[in-house]
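Per-entry structural report
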Amino acid sequence: NMSEQKTNKEQRYDRQLRLWGDHGQEALENAHTCLLNASATGTEILKNLILPGIGAFTIVDGHKVTGEDVGNKAQAATEFLQELNSDVSGNFVEESPDKLLDNDPEFFHRFSLVIGVQLPESTCQRLGAVLWSAGVPFLVCRTYGLVGYMRLVVKEHTVVESHPDNALEDLRLDQPFTELRNHISSYHLDSMDKKHNCQLPKNYKEKEVFRQLIRDGIRKNENGAPEEEENFDEAIKNVNTALNPTKISSTVDDIFNCVQCENITSQTSAFWMMARGVRDFVQNEGNGSLPVRGTIPDMIADSDKFINLQNVYREKALQDAAVVSKHIQSHLQAVGKVINTNKIQFLHCAAFLRVVRCRSLAEEYSTDTFQKDTITSCMDSPDSEMVLYLMLRSVDRFYQQHSRYPGVYNYQVEEDISKLKLCVNSLLQEHGLSVNVKDDYVHEFCRYGAAEPHTVASFLGGAAAQEAIKLITHQFVPFNNTFIYNAMSQTSATFQL
Amino acid sequence: MVQLVGPLSKELADSVSSCKILVVGAGGIGCELLKNLVLTGFKNIEVIDLDTIDVSNLNRQFLFQKKHVGKSKAQVAKESVLRFCPSANITAYHDSIMNPDYNVEFFRSFQLVMNALDNRAARNHVNRMCLAADIPLIESGTAGYLGQVTVIKKGVTECYECQPKPTQKTFPGCTIRNTPSEPIHCIVWAKYLFNQLFGEEDADQEVSPDTADPEAAWNPEDTAARATASDQDGDIKRVSTKDWARSTGYDPVKLFNKLFKDDIMYLLTMDKLWKKRKAPVPLDWAEMLQLGEDPRTRNSRLKDQQVLNVGGYSRLFQHSVETLRSQLADKGDGAELVWDKDDPPAMDFVTAAANLRMHIFSMNMKSRFDVKSMAGNIIPAIATTNAVIAGLIVLEALKVLNSDIQQCRTVREKHIKAPVKSH
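Residues numbered from 1 in each chain as written. Chains lettered and ligands numbered in written order. Predicted model: local features only at pLDDT ≥ 70, side-chain atom pairs only at ≥ 80, totals over all residues. Heavy atoms only, no water.

We apply this condition: UniProt positions are given in the numbering used here, feature names are shortened, and annotations may be inferred rather than shown by experiment.
For chain B, the name recorded in an unreviewed UniProt entry is Ubiquitin-like modifier activating enzyme 2, with Astyanax mexicanus as its organism. Quoted straight from UniProt, the Sequence similarities (unreviewed entry) entry for chain B says "Belongs to the ubiquitin-activating E1 family." The record in UniProt for chain B states the following under Subcellular location (unreviewed entry): "Nucleus".

Chain A carries the name NEDD8-activating enzyme E1 regulatory subunit in an unreviewed UniProt entry, which gives Astyanax mexicanus as its organism. Reading the Function (unreviewed entry) entry of the UniProt record for chain A gives the comment "Regulatory subunit of the dimeric UBA3-NAE1 E1 enzyme. E1 activates NEDD8 by first adenylating its C-terminal glycine residue with ATP, thereafter linking this residue to the side chain of the catalytic cysteine, yielding a NEDD8-UBA3 thioester and free AMP. E1 finally transfers NEDD8 to the catalytic cysteine of UBE2M." Regarding chain A, the UniProt comment filed under Sequence similarities (unreviewed entry) reads as follows: "Belongs to the ubiquitin-activating E1 family. ULA1 subfamily."

1. Quick word on the environment of Glu227(A)
For the record, the criterion: Secondary structure elements follow DSSP: runs of H or I no shorter than four residues count as helices, runs of E no shorter than two count as strands, and numbering proceeds from the N terminus. Pairs of residues are marked as contacts when any of their non-hydrogen atoms sit within 4.5 Å.
Take Glu227(A): it is sitting in the loop between α8 (204–216) and α9 (230–237). When sequence neighbours within four positions are dropped, the list of residues in contact with Glu227(A) reads Ile218(A), Arg219(A), Lys220(A) and Asn221(A).

2. Overview of helix α15 (residues 368–375) of chain B
Filter applied, for reference: Three exposure classes are used, based on accessible area relative to the maximum for each residue type with a 1.4 Å probe and protein chains only: buried under 20%, partly exposed in between, and exposed over 50%. Throughout, the arc means the angular range of directions from the helix axis out to the C-beta atoms.
Three or more residues of α15(B) are buried, namely Arg368(B), Phe369(B), Val371(B), Lys372(B) and Ala375(B). The buried side chains of α15(B) occupy one side of the element, clustering within an arc of 165° when seen end-on. Buried residues along α15(B) sit against α2 (14–29) of chain A together with α7 (183–198) and α14 (344–360) of chain B. After α15(B) finishes, the residue Asn377(B) shows a positive phi value of roughly 50°.

3. Overview of the UniProt feature "active site" (unreviewed entry) in chain B
Here, UniProt's "active site" (unreviewed entry) annotation points to Cys174(B). Every residue in contact with Cys174(B), bar those within four places of it in the chain, is listed here: Thr179(B), Asp210(B) and Asp213(B).

4. A word on helix α6 (residues 121–134) of chain A
Residues and elements named next belong to chain A. In plain terms, the rule: Take the residue count of a helix, subtract one, and multiply by 1.5 Å to get its expected span.
Here α6 contains 14 residues, and its C-alpha end-to-end distance of 20 Å stays within 8% of the 20 Å for a straight helix at 1.5 Å per residue. The complete set of buried residues in α6 reads Glu121, Thr123, Cys124, Leu127, Gly128, Val130 and Leu131. For α6, the elements touching its buried residues are β1 (32–36), α5 (97–103), β6 (113–117), β7 (138–144), α15 (361–365) and α17 (386–402). Gly135 sits one or two positions beyond α6 and adopts a positive phi of about 70°.

5. Structural notes on the interface of chain A and chain B
Just so we agree on the cut-off: The buried area of a pairing is the accessible area, by a 1.4 Å probe, that goes missing from both parts when the two are put together, added over both. For salt bridges, the criterion is a side-chain nitrogen of Lys or Arg within 4 Å of an Asp or Glu carboxyl oxygen. N or O atoms closer than or at 3.5 Å make up a polar contact, with two conditions inside protein: a donor-capable atom paired with an acceptor-capable one, and, for residues adjacent in sequence, both atoms drawn from side chains. Polarity classes work like this: nonpolar for Ala, Val, Leu, Ile, Met, Phe, Trp, Tyr, Cys and Pro, charged for Asp, Glu, Lys and Arg, and polar for all others, with Gly in that last group.
Each partner contributes residues to the interface: chain A has 48 residues there, and chain B has 47 residues. A combined buried area of about 4,300 Å² lies between chain A and chain B, and 59% of that area is made up of carbon and sulfur atoms. Area buried by chain A at its contact with chain B is led by Arg15(A), Arg18(A) and Thr455(A), which between them contribute 19% of it. The interface formed by chain A and chain B includes three salt bridges. Lys35(B) is paired through a salt bridge with Glu44(A); the nearest N and O atoms lie 2.4 Å apart. On inspection of chain A and its partner chain B, the count reaches 16 residue pairs in polar contact (both at pLDDT 80 or more). Residue assignment for the side of chain A that touches chain B shows that the elements contributing at least two residues are α1 (2–12), α2, α3 (40–50), α14 (303–334), α19 (439–448) and α20 (454–473) of chain A. Ranked by residues supplied to the side of chain A that touches chain B, first place goes to α20(A) with 10 residues. Of the residues contributing to the side of chain A that touches chain B, the split by class is 21 nonpolar, 13 polar and 14 charged.

6. Overview of the sheet that holds strand β2 (residues 44–48) of chain B
Residue and element names in this part refer to chain B. Filter applied, for reference: Only strands joined by at least two bridges in the DSSP assignment are considered to pair. Whenever a helix is involved, its axis is fitted only over the stretch in contact; in every case the axis is a line through C-alpha atoms, and angles between N-to-C directions fall within 0 to 180 degrees.
The sheet built from six strands is open, its strands ordered β3-β2-β1-β4-β5-β6 with mixed pairing. Every other strand in the sheet has two partners, leaving β3 (89–93) and β6 (146–152) as the edge strands with one partner each. Taken pair by pair, the neighbouring strands of this sheet meet at an average axis angle of 15°, ignoring direction. Two strands pair when backbone bridges link them, and strand β4 (residues 112–115) and strand β5 (residues 137–143) are joined in this way by two bridges, in the parallel orientation. Paired with Met114 across the two strands is Ile138, which belongs to β5. Strand contacts of helix α3 (residues 73–84): β2 and β3, with the helix running at about 165° to β3, the strand carrying the most contacts.

7. Let's talk about the packing of α1(A) against α2(A)
Geometry of a packed helix pair, given as the angle between the helix axes and the separation of the axes. All names here are of chain A. Convention followed: What sets the label is the angle itself: under 35 degrees gives roughly parallel, over 145 gives roughly antiparallel, 65 to 115 gives roughly perpendicular, and the rest give oblique.
Following both chains from N to C, one finds α1 and α2 inclined at 130°, their axes separated by 9 Å at the closest point. Classed by the angle they form, the pair α1 and α2 counts as oblique. Note on element contacts: α2 touches α1 through Asp14, Leu17 and Glu29, opposite Lys9, Glu10, Gln11 and Arg12. For the contact of α1 with α2, the residue count by class is one nonpolar, one polar and five charged.

8. Remarks on the pairing of strand β1 (residues 20–24) of chain B
All names here are of chain B. What counts, and what does not: Orient the strands so they point away from the viewer, and a crossover whose first-strand-to-second-strand path over the helix runs clockwise is right-handed.
β1 sits mainly inside the fold: four of its five residues count as buried. Alignment of β1 against β2, held across five bridges, turns out to be parallel. When the bridges of β2 are listed, Ile21 appears paired with Ile45. Regarding topology, helix α2 (residues 28–40) serves as the crossover connection from β1 to the parallel β2, and that connection is right-handed. One ladder, built from four bridges, connects β1 with β4; its direction is parallel. Across the sheet, the residue bridging to Leu22 is Val113, located in β4.

9. Some thoughts on the sheet that holds strand β12 (residues 491–495) of chain A
All names here are of chain A. Strand order across the open sheet formed by eight strands is β5-β2-β1-β6-β7-β8-β11-β12, with mixed pairing between neighbours. What marks the edges here is a single partner per strand, and that holds for β5 (89–93) and β12. Across this sheet, the average inter-strand angle for adjacent strands is 15°, counted without regard to direction. Judged from the five bridges that link them, β1 and strand β2 (residues 56–60) form a sheet pairing that is parallel.

10. Regarding the domain arrangement of chain A
Residue and element names in this part refer to chain A. The condition is simple: Per the annotation, domain bounds derive from an automatic or database assignment of domains.
Each assigned domain of chain A is listed with its residue range as follows: domain 1 (2–158 + 453–495), domain 2 (178–242), domain 3 (250–355) and domain 4 (362–448). With seven residues of domain 2 at the interface, the matching set in domain 3 holds 10 residues. Roughly 740 Å² is buried in total at the junction of domain 2 and domain 3, and carbon and sulfur atoms are behind 66% of that figure. Looking at the side of domain 2 facing domain 3, the largest losses of area belong to Glu179, His183 and Glu234, adding up to 53% of the total buried there. In this assembly, domain 2 and domain 3 are joined by zero salt bridges. One can count one residue pair in polar contact (both at pLDDT 80 or more) joining domain 2 with domain 3. Taken together, the elements giving at least two residues each to the side of domain 2 that touches domain 3 come down to α7 (178–185) and α9.

11. Observations regarding the pattern of salt bridges
Applying the stated rule across the entire model yields 39 salt bridges over all chains. When the shortest N-O distance is used, the salt bridge between Asp170(A) and Arg172(A) registers 2.8 Å. Across the pair, Arg172(A) and Asp170(A) agree in class, each one buried. The closest approach of N and O atoms between Arg123(B) and Glu139(B), which form a salt bridge, is 2.6 Å. Pair noted here: Arg123(B) is in helix α5 (residues 120–133) and Glu139(B) is in strand β5, with a separation of 16 residues, a long-range link. Judged by relative accessible area, Arg123(B) falls into the buried class, the value being 11%.

Here is the structure:
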């Protein structure tokens, strides 16, 4: 029955397993997320996490359902969402987020991720502080009229599988390891003389010389004309990308220089253990280079030769991995710990390790530490998405003063314009921001009436759920840290605030 | 445009609730789109899809549940939407949009058409119908993490076919039959073989060596000479593959030896083909039996993602032939099987046959997972991408309707002014 269940899951999740693999799926199934506010946006986000099989969700919502079905929103939403996937466990808490923060802030410590939707600024700040000290990632989402907003708050998020676009191969042609050198010597190509001091061709001119060297190597037929050889053509085409120098990126260097990498304790996570093991390798056996990745691209060759070449890289990668493993084990022993060694299997990603660190909400909002320069320079273009950010901050201010958002009822729209304008001005003044917020935006935000159109909620629901999946699976790099979507112009932007 | 947002301007809100729209496709994008449409206030929706629900749809096509597997997508989508929006007026068609019943008049009855398709033929067709009927079309598509939305309006934007799209890859017959050089050639060959043995025989899906291959002849006259077969191949020429297979009782060993030994040996006699290519190496059943399991396949990876050795695929070939043989027998006389990537023995058969051929032609063999991707043209898909795209589609739909209103308003005002002016 266990195996039947497994097959059913494989069938159901087939199309997504092809994207994030079984280990990604496992991470998803072990996650428990909390949603605050089962609004249109909130339920859309959850739907997009439940369908792919997140382990569990808990909805926190104190609102009552109005109309025919009198009851609790949290419960109703949970029941509907539960129908989407019987593998997922749903829970609900009929309580407002503020009450919960008053009575039991530690309630939030159990979650892998907390998603706060349509929260007033004060609640956001309170929750942000609790989650920041507890080390729980917090994703803030908002649909406001034709504007979508997301803010990621996570102290430190590590990524091994960042899946970069256009990653270069790790062929080591500039510094062939012994086994590769020996393997190449076993081929009987006429030797090419060593004219260039063992340096790679650096510019276009040198690369052309190199290409000609290759062309000269092509066999000629009886008439002296070069044969058509597909493998030589391929070699010439790949000169640009195959000859990249073997060196460690500054991103990875920064990771090596982090204090977490230096000070290994019994609290050290698997990521930092791995980073330290790789660093030790680089500084010793690797002679300044990372462990060999071990994969080579498909190429035109006969099957036997290709497999042999592939094995040379694969064997070296395994050797290097064993050395890294030894380093890691010695650190583990020194702090008296045992770690699941499955996590060490991603050494082929060593060149693409990433760490994301977001500023806290407190830092974003404090007049001492807010990103004045970023905001000012963005606002040089007065229609930049940054103006929408300032408007969202302004409507939050309005809410604080009037306990409601502007223009919710038609009769309020006109009179709220001047009130909202005051909020904008006081916001700018308090922060010493001399930027121009056009009246058009003030009018627009009044007309929005804090509405949550379903179509914008659908868009944001998809985007937010995808970021949540990145955080949970630790694959791909989440945004850092503010995302604004403008549904009118169909544009978006990210800022680090 | 700002008046779009709740409340929509009176005119736009009226237009939304009164207009009639067509959604072509009730799959990944379609489900999300139907939901967005009704929650935005669209009332009169027709949806069409020829497909039925499969288990692998359930990770994203949320209007469907396990109990609906096998039923019509359009029909179940309609029923599920009505559960949360009983006032919607939805008509569902379990049919192909390319059916001539859906003529220009049919398309003209809508104010807007939205595609939620997964294939070019249907997209081209709907594009032309919308141009002919002069109805705005919103085109969209998703694959993995990527998606796009485009508005197509006759006389205003370019249509779907204005820009040439990369053509669907097809391979010449002699590549499939004689000189495969990539795994996909072997996979296509294996699918053809399935049809020749168990399904509907197709003259364009021959699997035996192609003696008329222009590359094979040293002299043109030789082609004719080769066309009169050698000893080994003689019988097969005059009898269809299926008939021959039947005459052996679908004996897996006989099939194996013909396809992976005799036919390959025949190819080897066409020596010009192998002057510049690595020649294929025939297999022998007796030798395959000697081979044990590859020790390297012992790891924790999903069974589907392992690559077996040639002995393993030989055994898989045998088992799948035996299973398919009984499936065929159960169906009775003159029966045919239809290949389906989600039917395990059919998928096993293609995996085994393709890999055996890959090995013969010196290619690295592929796991069942990878073969399924290629054989089944599988495109990875998740809920989030479809949700994002469907959100964008409805926003564009509102803009289209709104601009139609603006245009109407302009026309109306002109009418009002004119009589006054003429006085």
